[in-house]
Amino acid sequence: GSAATVIERNTSFSTLNSDDVSYFKELLGEKSVVEDEDVLLTANTDWMRKYKGSSKLLLQPKTTHEVSQILKYCNSRCLPVVPQGGNTGLVGGSVPVFDEVIINMGSMNNIISLDKVSGILVCEAGCILENLISFLDNHGFIMPLDLGAKGSCQIGGNVSTNAGGLRLVRYGSLHGTVLGLEAVLANGDVIDMLGTLRKDNTGYDLKHLFIGSEGSLGIVTKVSILTPPKLSSVNLAFLACEDYFSCQKLLVEAKRRLGDILSAFEFLDNQSMDLVLNHLEGARNPLPSSMHNFYVLIETTGSDESYDKEKLEAFLLSSMEGGLISDGVLAQDINQASSFWRIREGVPEALMKAGAVYKYDLSIPVEKMYDLVVEMRIRMGQIARVIAYGHLGDGNLHLNISAPQYDDTILAQIEPYVYEWTSEHKGSISAEHGLGLMKANKIFYSKSPETVQFLPLLRTCRAREH
Ligand code: FAD
Ligand code: 2HG
Ligand code: ZN
């Protein structure tokens, strides 16, 4: 009933033996070589508890040198590995498929430097996103990305999945904000691309290949990232719309009228709200008087409290008068703002509590996006619920099909239909979560065969010599 790509274990890989374990203990020290069954069970299982590997060994390197030595050794012994960050990935990429050695990056969690003039942060890949957010907060900066998994996910995992999240509409993707990386290739070579410059046109910008490569090119060990200043005035509105067209028009208007201060534009439909209210402890509908068809969160971030508020209120008033929004409330303090965010950020958790879930993370032109949701509801009928929400401001739909348990007949109603539909509408079958094991062989729905073959070709062609 789960939708994983079926692959066979590569017969040229060897299996771990006691000499290997002794080598790792010598290299890393006993404590960083984990064979404990409970720890391994957790590390072998993904966040959704949908993908499960059978690794017998987890390594916790503390330095780039150790990562390099591990990979060099595994490469020479033909031992398969999987890099692991916070294990919050949603496509089965962060856990072993078979018995791969897990290289967990959590012990590489040092902050190396923060340039307080430019806001450029350099840190190790295992830093937890929320820790970076708190560290920066003390120095008057913020991370350019924020996501529901911030308490566990690591910056190295974020870079490797090219995570989007709630602020992308304002600060852009990691391809813009990551200024440099250090990475270790499978043979142990350390590639120093850890630049700290906004501008550097000296040849190919190789770091971009690592952003979103999901560990397939090497292990990211250090990250240099541009962090925006923390601005004093943040406002959050929780709004109701009665149809999808109004959500779409509201987005166009918000971009036009709030422009410089718009920092998030998220949406959820009534099915998502219903799910959150039923499954998330303490969740309350900020607009309780009646159930609406759609909910939109609009956040503004600026530097002038009264100007920002006036601008947002004027925008909301005209949207209300124009019939785009039917109800709405502005967060009065930080606690209320976080309770509004909890509704939106809590959908994945609520889905987990509701039972089995089939996740699709799609980029679709905004005008067409909800057509797919409507079609899926017709296709699924009574056998499963269709939950739709996501980063409307970025054209990113999170389509989730929720059912009491996994079932092949449900899956057959969803796939390949969702992928075909997305491909026909020139969308992407992975907006921000990546391919992982779930979509490894689905890449052709979003990329041409030539594109897919380009990188291996580059590896075999001899570079032109000057
Ligand atoms: P992992 O899950 O451990 O790994 C993810 C992939 O990266 C794997 O393929 C792994 O092998 C590889 N990897 C990890 N670390 C490294 C490294 N140092 N070097 C090389 N490869 C590495 N994603 C979004 O884009 N936007 C969201 O808004 C968002 N919200 C989420 C909310 C929740 C509640 C959850 C559970 C997940 C969410 N995600 C979101 C998905 C997930 O992609 C992100 O949480 C995050 O980027 C993964 O980071 P991680 O450290 O947990 O990586
Ligand atoms: C989010 O935006 C995450 O909440 C998770 O990317 C999406 O659960 C999902 O489908
Ligand atoms: Zn998302």
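What counts and what doesn't
- Residues numbered from 1 in each chain as written.
- Chains lettered and ligands numbered in written order.
- Predicted model: local features only at pLDDT ≥ 70, side-chain atom pairs only at ≥ 80, totals over all residues.
- Helix = DSSP H or I, 4+ residues; strand = E, 2+ residues; numbered from the N terminus.
- Rg over C-alpha atoms; globule rule 2.2 N^0.38 Å.
- Buried ≥ 20, exposed ≤ 12 C-beta atoms within 10 Å, placed from the backbone.
- Contact = placed C-beta atoms within 7 Å.
- Near = placed C-beta within 6 Å.
- Nonpolar A, V, L, I, M, F, W, Y, C, P; charged D, E, K, R; others polar.
- Core = buried A, V, L, I, M, F, W, Y, C linked by C-beta atoms within 7 Å.
- Axes fitted to C-alpha atoms, helices over the stretch in contact; angles between N-to-C directions.
- Parallel < 35°, antiparallel > 145°, perpendicular 65-115°, else oblique.
- Left-handed = near helix turned anticlockwise from the far one by under 90°.
- Pairing = 2+ DSSP bridges.
- UniProt positions renumbered as here; feature names shortened; annotations may be inferred.
- Expected span 1.5 Å × (residues − 1).

(A) Looking closely at the overall build of the protein. On a plain count of helices and strands, the protein comes out with 17 helices and 16 strands. What you see for the protein is a C-alpha radius of gyration of 23 Å, in line with the 23 Å of a compact globule of 466 residues. Going through the 466 residues of the protein one by one, you find that 44% of them count as buried. Once local pairs closer than 6 in sequence are excluded, the contacts in the protein between residues at least 24 apart make up 74%.

(B) Examining the site of ligand 2 more closely. Inspection of the region around ligand 2 gives Gly 148, Val 347, Pro 348, Lys 359, Asp 361, Gly 390, His 398 and Asn 400 as its neighbouring residues. Contributing elements (two or more residues each) for the shell around ligand 2: α13 (347-354), β14 (356-363) and β16 (396-403). Taken together, the residues of the shell around ligand 2 break down into two nonpolar, four polar and two charged.

(C) Spatial organisation of the nonpolar core. In terms of nonpolar packing, the biggest core is built from 64 residues, with Leu 239, Cys 241, Cys 247, Tyr 295 and Val 296 touching the most fellow members. Ignoring any residue separated from it by four or fewer positions in sequence, one finds Val 296 in contact with Leu 239, Cys 241, Cys 247, Leu 250 and Phe 267. By size, the runner-up hydrophobic cluster in this structure holds 58 residues, among which are Cys 74, Met 105, Ala 163 and Met 193.

(D) Quick look at the packing of helix α10 (residues 270-279) against α13. Interaxial distance between α10 and α13 falls to 9 Å at its minimum, and their mutual angle equals 70°. Between α10 and α13, the angle is such that the two are roughly perpendicular. Every pair of crossing elements has a handedness; the one defined by α10 and α13 is left-handed. Residues Ser 272, Leu 275, Val 276 and His 279 of α10 lie in contact with α13, whose contacting residues are Val 347, Ala 350, Leu 351, Lys 353 and Ala 354.

(E) Spotlight on the sheet that holds strand β11 (residues 262-269). Strand order in the open sheet formed by seven strands is β13-β10-β12-β11-β15-β16-β14, and the pairing between neighbours is antiparallel. Two strands in the sheet have a free side with no partner beyond their single neighbour: β13 (327-330) and β14. The mean angle between the axes of side-by-side strands here comes to 15°, regardless of whether they run parallel or antiparallel. Judged from the four bridges that link them, strand β10 (residues 233-241) and β13 form a sheet pairing that is antiparallel. The partner of Ala 237 across the bridge, within β13, is Leu 330.

(F) Main features of the UniProt feature "domain: FAD-binding PCMH-type" (unreviewed entry) in the protein. Following the UniProt record, the feature "domain: FAD-binding PCMH-type" (unreviewed entry) maps to residues 51-230 here. Counted over residues 51-230, helix gives 24% and strand 22%. Its end C-alpha atoms are 38 Å apart.

(G) Seen up close, the sheet that holds strand β6 (residues 120-124). Spatial strand order, β5-β6-β9-β7-β8: five strands in an open sheet with antiparallel pairing. Every other strand in the sheet has two partners, leaving β5 (111-115) and β8 (190-193) as the edge strands with one partner each. Pairwise comparison of adjacent strand axes, ignoring direction, gives a mean angle of 10° for this sheet. When β6 meets strand β9 (residues 219-226), the two strands line up antiparallel, connected through five bridges. Bridge pairing in β9 links Cys 123 to Val 223.

(H) The arrangement of the site of ligand 1 in detail. Ligand 1 sits among 34 residues. The nearest are Gly 85, Gly 89, Gly 93, Gly 156 and Gly 157. Counting only elements with at least two residues in the shell around ligand 1, the list comes to β3 (81-84), α5 (155-161) and β9. Top element by residues in the shell around ligand 1 is α5. It accounts for five residues. Across the shell around ligand 1, the residue classes break down as 13 nonpolar, 19 polar and two charged.

(I) Up close: the pairing of strand β7 (residues 178-184). Among the seven residues that make up β7, six are buried, leaving the element largely enclosed by the rest of the structure. For β7 and β9, the ladder comprises six bridges, and the chain directions are antiparallel. Counted as the bridge partner of Ala 183 is Val 220 from β9. Note: β7 against β8, four bridges, orientation antiparallel. Across the sheet, the residue bridging to Glu 182 is Asp 192, located in β8.

(J) Spatial organisation of helix α12 (residues 334-345). With twelve residues, α12 extends 16 Å from end C-alpha to end C-alpha; this agrees with the ideal 16 Å at 1.5 Å per step. Here α12 has its buried residues at Phe 340, Trp 341, Ile 343, Arg 344 and Glu 345. Buried residues along α12 sit against β10, β11, α10, β12 (294-302) and α13.

(K) The packing of helix α9 (residues 244-258) against helix α11 (residues 305-321), seen in detail. Relative orientation of the contacting elements α9 and α11 amounts to 150°, with a least axis distance of 11 Å. Where α9 crosses over α11, the two elements pack in a sense that is right-handed. In this structure, α9 uses Leu 250, Glu 253, Ala 254, Arg 257 and Leu 258 to contact α11, whose residues at the interface are Lys 311, Leu 312, Phe 315 and Ser 319. Per-class residue counts for the contact of α9 with α11 are five nonpolar, one polar and three charged.

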